[in-house]
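Fold and geometry: a report
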2 protein chains.
Amino acid sequence: MSAPIEFFFDFSSPYGYLGAQKIDALAARHGRTVDWRPMLLGVVFKQTGGAPLTEIPIKGPYSKRDFERSARFHGIEFKMPPVFPIASQAPSRIVLWAKQRDPAAAARAVKALYRAFFVDGLDISKPDIAAEVAGRAGFDAAAARAAIDDPAIKEALKREVDAAIAAGVFGSPFVIVDGEPFWGTDRFDQIERWLANGGF
Amino acid sequence: MSAPIEFFFDFSSPYGYLGAQKIDALAARHGRTVDWRPMLLGVVFKQTGGAPLTEIPIKGPYSKRDFERSARFHGIEFKMPPVFPIASQAPSRIVLWAKQRDPAAAARAVKALYRAFFVDGLDISKPDIAAEVAGRAGFDAAAARAAIDDPAIKEALKREVDAAIAAGVFGSPFVIVDGEPFWGTDRFDQIERWLANGGF
């Protein structure tokens, strides 16, 4: 059994959302599973001097256009959220909580929360909203809400962010396949060939 | 006759080099020609707060790996130049000079100069070296050398950089197709569909 593909992402990242819709099928085509690894781009940006794309002069307006065009290109539903960017602690903690109980459930939590933000425009940075979304996706909403304030889960997310930085993650999505790093949904073509050929 | 595709690029940009090897064939598949538009990313970065990729913490080492891997992916010869990044005034002025005399010759100048930098490792920021490369590509080397110091050509490059910024260009390569902007060689798949379908 080959190692899972590591999929690092931030819940406030449109390209992370797009990649999340495609990574499962990509992995499955090559007999792999996905390890969903939420992280906080805001913390990472402190190391790299990065900033949310939409706040950068000239690049900002292009980015918004590119989010929508890239979604159309990939045939993925997308609507720029009314509140953007958001802090992503609450949904990230729900994913870590879900993952501890059932690794396979992490994907379901990620997709429900991403969809709530990038399709339904809900502000999933709000703990009550994030927990409600988890509830509609089949999780225990009260337990999800409690997980957001659980010191152990908070600590787990901090460790995950540290681990992401240690692994060289600086953007979202960021995929690591057998130690090889790929940044961006626009590297999925390279990931596909890497998995098919064991490198190139 | 449809309008040419505008291909904005900086001579110090590895992704610009990769894109330059592919844009002619892409354009030709859709009955288009390419307008080669050299610009100076250093000036653009003053507007956006950008920096050379290789100088950004964490992102820098990834970028070097991605340049080489992306070149292999596209089957393009590439060797990280010993001096990098470089100032790109000299080769850019040669291209503008060549373009004024013969628009079709611009592509030849671009490719010869890019190859000299990203395959042969020559420091084309040096006027004498850039002119010599142009000479080997079939241009009058002495005239190319004189063009680098020609006030009218210097002025033309400044205007080109201003025009690029006015057009929203913030990276390299940057392609504009009938007013629609695409940043990066990794958007060539979208450009292909845009040209085939007249948008999407």
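This section reports on the structure supplied with the text. Small disclaimer: the values here were computed from a predicted structure and weren't measured. Per chain, the residues get numbers from 1 upward, laid out in the order the sequence is written. Written order decides the labels, with chains lettered from A and ligands numbered from 1. Only residues with pLDDT of at least 70 are given local features in this predicted model, and only at 80 or more are side-chain atom pairs given and counted; all residues enter the totals for whole chains, interfaces and linings. The basis for every side-chain value is the complete set of heavy atoms in the structure, and neither hydrogens nor water enter the calculation.

The next subject is the overall build of chain A. When you go through chain A residue by residue, the secondary structure sums to nine helices and four strands. Going residue by residue from the N terminus, the α and β elements of chain A occur as β-α-β-α-α-α-α-α-α-α-β-β-α. Since a compact globule built from 200 residues should have a radius of gyration of about 16 Å, the 16 Å found for chain A is in line with a globular shape. Overall, chain A is about 45 × 45 × 35 Å in size when its C-alpha atoms are taken along their principal axes. Helix and strand definitions here come from DSSP, where helices need a minimum of 4 consecutive H or I residues and strands a minimum of 2 consecutive E residues; each element is numbered from the N-terminal end. Note that the radius of gyration is over C-alpha atoms, with the globule rule given as 2.2 Å times the number of residues to the power 0.38.

To continue, consider the packing of aromatic side chains. Pairing of aromatic side chains requires ring centres within 6.5 Å, counting the rings of Phe and Tyr and the six-membered ring of Trp. Pairs whose planes differ by under 30 degrees are stacked, by over 60 edge-to-face, and all others tilted. For the structure shown, the criterion picks out 49 aromatic pairs over all chains. Considering the side-chain rings of Phe7(A) and Trp36(A), the 5.1 Å spacing of their centres and the 65 degrees angle between planes classify their relative orientation as edge-to-face. A residue pair is termed long-range when its members are at least 10 positions apart, and Phe7(A) in strand 1 (residues 5-9) and Trp36(A) in strand 2 (residues 34-38) qualify at 29 residues. Ring centres of Phe174(A) and Tyr62(B) lie 5.8 Å apart, and the angle between their planes is 55 degrees; on these two criteria the pair is classed as tilted. With Phe174(A) in strand 3 (residues 174-177) and Tyr62(B) in helix 4 (residues 59-74), the pair connects residues from two separate chains.

Once that is clear, we can look at the pairing of strand 1 of chain A. Residues and elements named next belong to chain A. Where burial is concerned, most of strand 1 is hidden: four out of the five residues are buried. Pairing of strand 1 with strand 2, which is carried by five bridges, proceeds in the parallel orientation. In the strand pairing of strand 2, Phe9 is matched with Pro38. The handedness of the strand 1 to strand 2 crossover, carried by helix 1 (residues 14-29), is right-handed. The criterion for strand pairing is that DSSP finds at least two bridges linking the strands in question. In this sheet, strand 3 lies alongside strand 1 in antiparallel orientation, the contact comprising three bridges. Paired with Phe7 across the strands is Val175, a residue of strand 3. Throughout, exposure labels follow a simple rule: accessible area from a 1.4 Å probe, protein chains only, divided by the maximum for the residue type, with under 20% read as buried, over 50% as exposed, and the rest as partly exposed. Here, the term right-handed applies to a crossover whose path from the first strand over the helix to the second runs clockwise when the strands point away from the viewer.

Accessible area lost during the coming together of the parts is what is often quoted as the interface size. On the side of chain A, 31 residues touch chain B, which itself brings 31 residues to the contact. Buried area is understood as the total, over both parts, of accessible area removed when two parts are fitted together, assessed with a 1.4 Å probe. Roughly 3000 Å² of surface becomes buried between chain B and chain A when both sides are summed, with 57% attributable to carbon and sulfur atoms. Definition used for salt bridges: Asp or Glu carboxyl oxygen within 4 Å of a side-chain nitrogen of Lys or Arg. Summed over the shared surface of chain B and chain A, the number is eight salt bridges. Glu180(B) is paired through a salt bridge with Arg69(A); the nearest N and O atoms lie 2.8 Å apart. Any pair of nitrogen or oxygen atoms within 3.5 Å is treated as a polar contact; in protein, a donor-acceptor pairing is required on top of that, and neighbouring residues in sequence qualify only through side-chain atoms on both sides. The interface formed by chain B and chain A contains 20 residue pairs in polar contact (both at pLDDT 80 or more). Those elements giving two or more residues to the side of chain B that touches chain A turn out to be helix 3 (41-48), helix 4, strand 4 (180-183) and helix 10 (188-197) of chain B. With eight residues, helix 4 of chain B is the largest single contributor of residues to the side of chain B that touches chain A. Residue contacts are defined here by distance: any two heavy atoms, one from each residue, within 4.5 Å place the two residues in contact.

For the rest of this paragraph, the subject is the pattern of salt bridges. Scanning the entire structure with this criterion turns up 32 salt bridges over all chains. Notably, a salt bridge pairs Lys126(A) with Asp123(A), separated by 3.1 Å at the nearest N-O pair. Residue classification places Asp123(A) among the buried residues on the basis of a relative accessible area of 15%. We note a salt bridge from Arg69(B) to Asp66(B), for which the minimum N-O separation is 3.0 Å. Within this pair, Arg69(B) and its partner Asp66(B) are both found in helix 4, separated by three residues, close to a single helical turn. The structure contains a network of salt bridges with shared partners spanning Arg65(A), Asp66(A), Arg69(A), Asp186(A), Glu180(B) and Arg187(B).

Residue and element names in this part refer to chain A. The four strands lie next to each other as 2-1-3-4, forming an open sheet whose pairing is mixed. In this open sheet, the two edge strands, each paired with only one partner strand, are strand 2 and strand 4 (180-183). Mean inter-strand twist for the sheet, computed between neighbouring axes without regard to direction, equals 20 degrees. Along the sheet face, helix 9 (residues 188-197) touches strand 1, strand 3 and strand 4 and points at about 10 degrees away from the line of strand 3. The angle between two axes is taken between their N-to-C directions and runs from 0 to 180 degrees, where each axis is a line fitted to C-alpha atoms and a helix contributes only its stretch in contact.

This brings us to the environment of Ala134(B). All names here are of chain B. When you line up the elements, Ala134 lands in helix 7 (residues 127-136). Residue Ala134 is classed as buried on the basis of its relative accessible area, which comes to 3%. Those residues in contact with Ala134 that lie beyond four places of it in its chain are Ile94, Phe139 and Ala144.

Take helix 4 of chain B next. Each helix should span, by expectation, one fewer than its residue count multiplied by 1.5 Å. For helix 4 of chain B, which comprises 16 residues, the first-to-last C-alpha distance of 22 Å matches the rise-based estimate of 22 Å (1.5 Å per residue) to within 8%. Within helix 4 of chain B the residues assigned to the buried category are Lys59(B), Gly60(B), Tyr62(B), Ser63(B), Asp66(B), Phe67(B), Arg69(B), Ser70(B), Ala71(B) and Phe73(B). The elements touched by buried residues of helix 4 of chain B are strand 3, strand 4 and helix 9 of chain A together with helix 1 (14-20) of chain B. Backbone geometry just downstream of helix 4 of chain B places Gly75(B) in the positive-phi region, at approximately 65 degrees.

So, on to the packing of helix 5 (residues 89-101) of chain B against helix 7 of chain B. All names here are of chain B. Here helix 5 crosses helix 7 at 35 degrees, and the two axes come no closer than 9 Å. The way helix 5 lies across helix 7 gives a crossing that is right-handed. The segment helix 5 lies against helix 7, with Ala90, Pro91 and Ile94 engaging Pro127, Ala130, Ala131 and Ala134. Charged residues are taken to be Asp, Glu, Lys and Arg, nonpolar residues to be Ala, Val, Leu, Ile, Met, Phe, Trp, Tyr, Cys and Pro, and polar residues to be all remaining types, Gly included. Its residues placed into classes, the contact of helix 5 with helix 7 shows seven nonpolar, no polar and no charged. Note on convention: near helix rotated counterclockwise from far helix by under a right angle means a left-handed crossing. Clockwise means right-handed.

This part takes up the sheet that holds strand 1 (residues 5-9) of chain B. All names here are of chain B. With mixed pairing, four strands are arranged side by side in an open sheet as 2-1-3-4. A strand with exactly one partner marks an edge of an open sheet, and here the two such strands are strand 2 (34-38) and strand 4. Taken over all neighbouring pairs, the strand axes of this sheet differ in orientation by 20 degrees on average, direction set aside. Against the sheet, helix 6 (residues 105-118) makes contact with strand 1 and strand 2, and its axis sits at roughly 50 degrees relative to strand 2, the strand it touches most.

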